[in-house]
Amino acid sequence: MSLLVCVTRRDNTKLLAKLRSLLPDVEINEWPHCSALDRVRFVLAWGAPDDLWPQLPNLEVVQSYGAGVDGIAMTLLPAHVVVTRIVDKQLAADMAEYVLTHVLAHKLRLRQYFTQQIQHSWKPKRAHQGMKVGIMGLGELGKVVAERLIANDFRVSGWSATPKSLPGISCYSAAAQLSEFLSELDYLVCLLPLTEQTQGILNRHVFEQLPNHCVLINVARGRHVNEEDLLWALDNGELAGASLDVFSQEPIDATHPFWSHPLITVTPHCAALTSIDTACEQIAANYVALINNEQIDNQVDRARGY
Ligand code: NAP
Ligand code: GLV
């Protein structure tokens, strides 16, 4: 029995050292250096190629090296395989700090003042007054982001797949309540998982239902956004700005229009980064649970895709 690490496009030296220190007696290989694929029962995956899965006849658990599981081709996995992910208080706190910072940066016109500084231009203006933030996705991250915004006097509403009742949050759910949720927002934050239902959800139809002064903050996945529609909305006064941390292709191409758009702030998928230490503790615990035939933590619902 062995554990395979298939975390692509990054240096995994520290990750492997930490895992090996927590699981000293376990055979741990790093893809593609694994000669006995039939011994692999547990895979730690991030950006794993689709053709990996059919090569693992004894696979039982796939653990995402992050909160999102959209990079794992679940339709290619046998039905009995458990898919799990990282759920981490610090990750949620980092996300809340990122979102609060970007909401405040737009509210206080920081982007405008950075440009004015370059131009040596002195033009004070009152901060934007809007305090209504809508969060798409009220899961592990959305709920913590909401709490942080409420603690900073914002009025928070949230939209989820199933109905919820959460203290201090006006809750909406499902397609039937999306228009009502969108109609009065000053800031729209996307914290949805990427699924068949949510891909492309941030599109012209949604932008047209938001007030024109609304600012989009997308910290979920790039493929939630229809990029052409976003550029249309910003260029036609349907949206006032966007902070984007995630993109359909990462890193974005050097010629991508988002880099130089005056109303877009780009960050390099850094809103909430997985901590090697916390993640490895959860991975090791799940590996031990598998060996002992115990419950695997933080499982996702494969039918829902999140
Ligand atoms: P989560 O706990 O799975 O929560 C997902 C939320 O989205 C739930 O409230 C769910 O509703 C809602 N939802 C799912 N499908 C929906 C639909 N079709 N319509 C309406 N609501 C829907 O996810 P999480 O841990 O909060 O993470 C969210 C995402 O953040 C991740 O999937 C990942 O893509 C992204 N992320 C980004 C970064 C970054 O650095 N930028 C870091 C970590 C994570 P129900 O509660 O009713 O099921
Ligand atoms: C990062 O994007 C994650 O899903 O953890």
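Thresholds applied
Residues numbered from 1 in each chain as written. Chains lettered and ligands numbered in written order. Predicted model: local features only at pLDDT ≥ 70, side-chain atom pairs only at ≥ 80, totals over all residues. Heavy atoms only, no water. Phe/Tyr/Trp six-rings, centres within 6.5 Å; stacked < 30°, edge-to-face > 60°. Lys NZ or Arg CZ within 6 Å of the ring centre and 35° of its normal. Pairing = 2+ DSSP bridges. Helix = DSSP H or I, 4+ residues; strand = E, 2+ residues; numbered from the N terminus. Axes fitted to C-alpha atoms, helices over the stretch in contact; angles between N-to-C directions. Contact = heavy atoms within 4.5 Å. Salt bridge = Lys/Arg side-chain N within 4 Å of Asp/Glu carboxyl O. Buried < 20%, exposed > 50% of the residue type's maximum accessible area, 1.4 Å probe, protein only. Near = heavy atom within 4 Å. Polar contact = N/O pair within 3.5 Å; in protein donor to acceptor, adjacent residues only side chain to side chain. Areas by Shrake-Rupley, 256 points an atom, 1.4 Å probe, with all protein chains shown as cover. Nonpolar A, V, L, I, M, F, W, Y, C, P; charged D, E, K, R; others polar.

What follows concerns the packing of aromatic side chains. The way to describe two aromatic rings as a pair is by their centre distance and the angle between their planes. Following the criterion strictly, the structure yields 3 aromatic pairs and no others. Here Arg304 stacks its cationic end above the ring of Tyr306, 4.1 Å away from the centre of that ring.

Strand order in the open sheet made by the 5 strands is S2-S1-S3-S4-S5, with parallel pairing throughout. A strand with exactly one partner marks an edge of an open sheet, and here the two such strands are strand S2 (27-30) and strand S5 (82-84). Averaged over all neighbouring strand pairs, the angle between strand axes comes to 20°, with direction disregarded. In this fold helix H1 (residues 13-22) packs onto strand S1 (2-7), S2 and strand S3 (40-46), with an angle of close to 160° to the strand it touches most, S1. Sitting on the sheet, helix H8 (residues 276-291) touches S1, S3, strand S4 (61-64) and S5, and the angle it makes with S3 is about 160°.

Below, the discussion takes up the pattern of salt bridges. Going through the model one piece at a time under the given rule, you end up with 7 salt bridges. When the shortest N-O distance is used, the salt bridge between Arg39 and Glu27 registers 2.8 Å. Here Arg39, found in the loop between S2 and S3, pairs with Glu27, found in strand S2; they are 12 residues apart in sequence, far enough to count as distant. Residue Arg221 is joined to Asp70 by a salt bridge in which the shortest nitrogen-to-oxygen separation is 2.9 Å. Of the two residues, Arg221 sits in the loop between strand S10 (215-218) and helix H7 (227-235) while Asp70 sits in the loop between S4 and S5, which places them 151 residues apart along the sequence. Exposure remark for Arg221: the relative accessible area of 16% places this residue in the buried category. Take Asp70: its relative accessible area is 28%, and that puts it in the partly exposed class.

Turning to the site of ligand 1, a few remarks are in order. Close to ligand 1 lie 30 residues, the nearest being Arg85, Leu141, Thr162, Lys164 and Tyr306. Measuring from an oxygen atom of ligand 1, one finds a side-chain N or O atom of Thr162 at 2.5 Å. Protein burial of ligand 1: of its 940 Å² of free accessible surface, 92% is covered by the chains. Elements with a minimum of two residues in the shell around ligand 1: helix H4 (140-151) and strand S7 (155-160). Taken together, the residues of the shell around ligand 1 sort by class into 15 nonpolar, 9 polar and 6 charged.

Relative to the elements of secondary structure, His224 occurs in the loop between S10 and H7. You can call His224 buried: its relative accessible area is 0%. Among the polar contacts made by the side chain of His224, one reaches the main-chain carbonyl oxygen of Pro193 at a distance of 3.0 Å. A polar side-chain atom of His224 sits 3.3 Å from a polar atom in the side chain of Thr198.

Here we come to the sheet that holds strand S9 (residues 187-190). The strands that make up a sheet pair up through hydrogen bonds in the backbone, lying either parallel or antiparallel. Spatially, S8-S7-S6-S9-S10-S11-S12 is the arrangement adopted by the 7 strands of the open sheet, whose pairing is parallel. The open sheet terminates on both sides in strands that have one partner only, identified here as strand S8 (169-173) and strand S12 (264-266). Adjacent strand axes in the sheet meet at a mean angle of 15° when their direction is disregarded. Summarising the sheet, S7 and S8 pair through 5 bridges and their orientation is parallel. Opposite Gly158, over in S8, you have Cys171 as the bridge partner. Sitting on the sheet, H4 is in contact with strand S6 (132-136), S7 and S8, with an inclination near 170° to S6.

Moving on, we get to the site of ligand 2. Around ligand 2 sit Trp46, Gly66, Ala67, Gly68, Arg221 and His269, and that is every residue in its neighbourhood. Within the backbone of Gly68, one N or O atom sits 2.8 Å away from an oxygen atom of ligand 2. In this structure, His269 approaches ligand 2 through a side-chain N or O atom, which is 2.6 Å from an oxygen atom. When the free accessible area of ligand 2 is taken as 190 Å², the share hidden by the protein chains comes to 87%. Partitioning the shell around ligand 2 into residue classes produces 2 nonpolar, 3 polar and 1 charged.

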